[in-house]
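The chain contents come next:
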Amino acid sequence: MKLVRKDLEKDNAGQVTLIPEEPEDMWHTYNLLQVGDSLRASTIRKVQTESSTGSVGSNRIRTTLTLCVETIDFDSQACQLRVKGTNIQENEYVKMGAYHTIELEPNRQFTLAKKQWDSVVLERIEQACDPAWSADVAAVVMQEGLAHVCLVTPSMTLTRAKVEVNIPRKRKGNCSQHDRALERFYEQVVQAIQRHINFEVVKCVLVASPGFVREQFCDYMFQQAVKTDNKLLLENRSKFLQVHSSSGHKYALREALCDPAVTSRLSDTKAAGEVKALDDFYKMLQHEPDRAFYGLKHVEKANEAMAIDTLLISDELFRHQDVATRARYVKLVDSVRENMGTVRIFSSLHVSGEQLGQLTGVAAILRFPVAELSDQEDESSSEED
């Protein structure tokens with residue numbers, strides 16, 4: 001994301017002009033937009049024209065509109081963002097108050113104005129504009145006959161390819177059908193890796209599977225690379241890291257990211273930090289339940305006692321339509337930071353973020369046990385539900 005201009009007043013009202021450069025920037029933009037904001041961008045509008053002879057025709061004209069945002073629709077697979085709202089600025093082609101939908105896309109500038117830019121939104125802009133936050137981890141999660149090729153970016157886990165091949169069982173004295181199908185499966189996974197993984201950006205490719213599937217696959221891949229003199233794979237061989245997972249499904253990726261060998265290799269990536277924080281929370285919940293709370297009211301009470309060491313919160317909560325509810329989450333984040341606590345904002349598109357969502361989207365690891373609050377845990381959780 002490129003920041004073109006930022007004009008904020010003392011009361012945090014104002015506008016920013018941004019240019020999304022990567023597909024992931026559309027996810028950041030989706031999180032910046034809120035109902036009631038003002039969005040200015042170029043768009044195409046179908047305009048009816050009448051000629052001197054009286055015949056009516058329609059032309060598609062590019063114009064710049066300023067909309068008051070009413071609905072926001074994000075397609076996570078295509079990374080497309082559509083914003084619908086009413087026109088709030090004079091335009092020769094579109095009447096004031098008329099509805100229009102702007103489709104935001106990479107490399108097209110837009111200006112976003114808000115009555116109040118809160119700390120969470122401003123932090124997201126900083127992160128989106130920092131090149132160090134770009135995608136640098138890829139993963140192949142596989143089992144016999146099923147593989148997912150994923151990109152793990154700081155904000156989401158993108159499934160780039162799903163490979164499914166029916167593998168017949170081994171028969172006594174005849175394994176040829178099984179071996180041929182397995183080879184066809186491996187070949188399709190290799191093709192998906194070459195098509196979807198940019199080795200100039202990616203620092204590490206995790207190959208995760210149960211059993212010996214990952215070893216057999218890597219042996220096959222590099223044997224074929226030597227035979228065909230595939231320089232791309234041979235030059236990047238050191239980036240491949242084999243780890244265990246319970247299955248070839250996308251959700252098994254969290255296990256792979258938890259592996260100590262992986263966390264040390266990926267220690268500088270946000271995704272690994274989120275996974276470790278969630279893992280620490282579950283361990284604390286198991287061994288010292290008085291130091292692990294979840295549910296908004298419960299976590300707020302722990303924060304009042306200045307007990308929060310690490311706050312885990314889903315970015316989905318900051319997209320809440322109710323302004324007061326959204327402000328409550330922002331206030332919690334600011335307060336934890338003021339009390340020298342760590343805040344980890346999880347992406348709801350990450351597997352770790354999806355798991356946090358099952359715990360109401362907000363959880364906390366405490367500095368010290370707060371026993372008197374634990375009695376209220378059941379009550380707080382049921383209120384959240």
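Structural data are supplied above this passage.
The text that follows walks through the structure, step by step, so that each part is easy to find. None of these values were measured; they are calculated from a predicted model.

Examining helix α3 (residues 176-196)
The end-to-end C-alpha distance of α3 is 30 Å, a good match for the 30 Å that 21 residues give at a rise of 1.5 Å each. Those residues of α3 hidden inside the fold are in contact with β8 (137-143), β9 (146-152), β10 (157-164), α4 (213-228), α5 (231-235) and β12 (240-244).

Considering the packing of aromatic side chains
Within this structure, the stated rule accounts for 10 aromatic pairs. When the ring of tryptophan 27 is compared with that of tyrosine 30, the centres are 5.7 Å apart and the planes differ by 40°; the resulting orientation is tilted. One end of the pair, tryptophan 27, and the other, tyrosine 30, are both in helix α1 (residues 23-32), three residues apart, so they sit about a helical turn from each other. In this pair, the class of tryptophan 27 matches that of tyrosine 30, namely buried. Note on phenylalanine 318 and tyrosine 329: the rings are 6.5 Å apart at their centroids and 80° apart in plane angle, and the pair reads as edge-to-face. Taken together, the residues span a long stretch of sequence, with phenylalanine 318 in the loop between β14 (308-314) and α10 (323-338) and tyrosine 329 in helix α10 at a distance of 11 residues. Like phenylalanine 318, the residue tyrosine 329 is buried in the burial classification. The positively charged end of lysine 114 is found above the aromatic ring belonging to tryptophan 117, 5.4 Å away from the centroid.

Observations concerning the packing of helix α2 (residues 119-128) against α10
As a packed pair, α2 and α10 sit with axes 9 Å apart at the nearest point and diverge in direction by 75°. By the angle between their directions, the pair α2 and α10 is classed as roughly perpendicular. Of the residues in α10, those in contact with Ser119, Val120 and Glu123 of α2 are Val330, Val333, Asp334 and Arg337. The class makeup of the residues in the contact of α2 with α10 is three nonpolar, one polar and three charged.

Quick look at the nonpolar core
Counting residues in each nonpolar core, the largest one holds 62 residues, and the members touching the most others are Leu104, Met142, Phe185, Ile193 and Phe217. Among the elements that line this core, the one with the most residues is α3, at eight residues. Sequence-distant contacts of leucine 104, defined by excluding residues within four places in its chain, comprise Met26, Thr29, Leu33, Leu39, Ala41, Leu81, Val83 and Phe110. Formed by 22 residues, the second largest nonpolar core is a distinct cluster that contains Ala302, Phe318, Val333 and Val362.

Structural notes on the sheet that holds β12
If you walk across this open sheet you meet the five strands as β10-β9-β8-β11-β12, and the pairing is mixed. Across the chains shown, the open sheet's two edge strands, defined by having one partner strand only, are β10 and β12. Direction aside, the axes of adjacent strands within the sheet are offset by 20° on average. Both strand β11 (residues 204-209) and β12 contribute to a ladder of five bridges, which runs parallel. Note that in β12 the partner of valine 207 across the bridge is glutamine 242. Contacting β8, β11 and β12, α4 crosses the sheet at an angle of about 160° to β12.

Observations regarding unusual backbone geometry
The phi torsion at asparagine 107 lies on the positive side, around 70°, for a residue other than glycine. The exposure class assigned to asparagine 107 is exposed, which follows from its relative accessible area of 59%. Phi at aspartate 229 is positive, roughly 55°, even though this residue is not glycine. Relative to the elements of secondary structure, aspartate 229 occurs in the loop between α4 and α5. Exposure remark for aspartate 229: the relative accessible area of 47% places this residue in the partly exposed category.

What counts as what
- Counting starts from 1 at the beginning of each chain's written sequence and moves along it residue by residue.
- Owing to the predicted nature of the model, reporting of local features is limited to residues with pLDDT of at least 70; listing and counting of side-chain atom pairs is limited to 80 or more, with chain, interface and lining totals taken over all residues.
- In computing side-chain properties, one takes all heavy atoms of the structure into account and sets aside hydrogens as well as water.
- The way it works is that DSSP assigns letters per residue, a run of H or I at least four long becomes a helix, a run of E at least two long becomes a strand, and they are numbered from the N terminus.
- Between the first and last residue of a helix there are one fewer steps than residues, each counted as 1.5 Å, and that sum is the expected span.
- Here, two residues are considered to be in contact whenever any of their heavy atoms come within 4.5 Å of each other.
- Two aromatic rings, drawn from Phe, Tyr or Trp (for Trp, its six-membered ring), form a pair once their centres lie within 6.5 Å of each other, and the interplanar angle then sorts them: stacked below 30 degrees, edge-to-face above 60, tilted otherwise.
- Each residue gets one of three labels from its accessible area relative to the maximum for its type: buried under 20%, exposed over 50%, partly exposed in between, using a 1.4 Å probe on protein chains only.
- Placement of a charge over a ring requires the Lys NZ or Arg CZ to be within 6 Å of the ring centre, with the centre-to-atom vector within 35 degrees of the ring normal.
- Think of each axis as a best-fit line through the C-alpha atoms, taken over the contacting stretch in the case of a helix, with angles from 0 to 180 degrees between the N-to-C directions.
- By the definition adopted for this analysis, an angle is roughly parallel if under 35 degrees, roughly antiparallel if over 145, roughly perpendicular if from 65 to 115, and oblique otherwise.
- Polar here means any residue outside two lists: the nonpolar Ala, Val, Leu, Ile, Met, Phe, Trp, Tyr, Cys and Pro, and the charged Asp, Glu, Lys and Arg; Gly therefore counts as polar.
- Nine residue types can take part in a nonpolar core, namely buried Ala, Val, Leu, Ile, Met, Phe, Trp, Tyr and Cys, and a core is a set of them joined through side-chain atoms within 4.5 Å.
- Paired strands, in this sense, are two strands between which DSSP finds at least two bridges.

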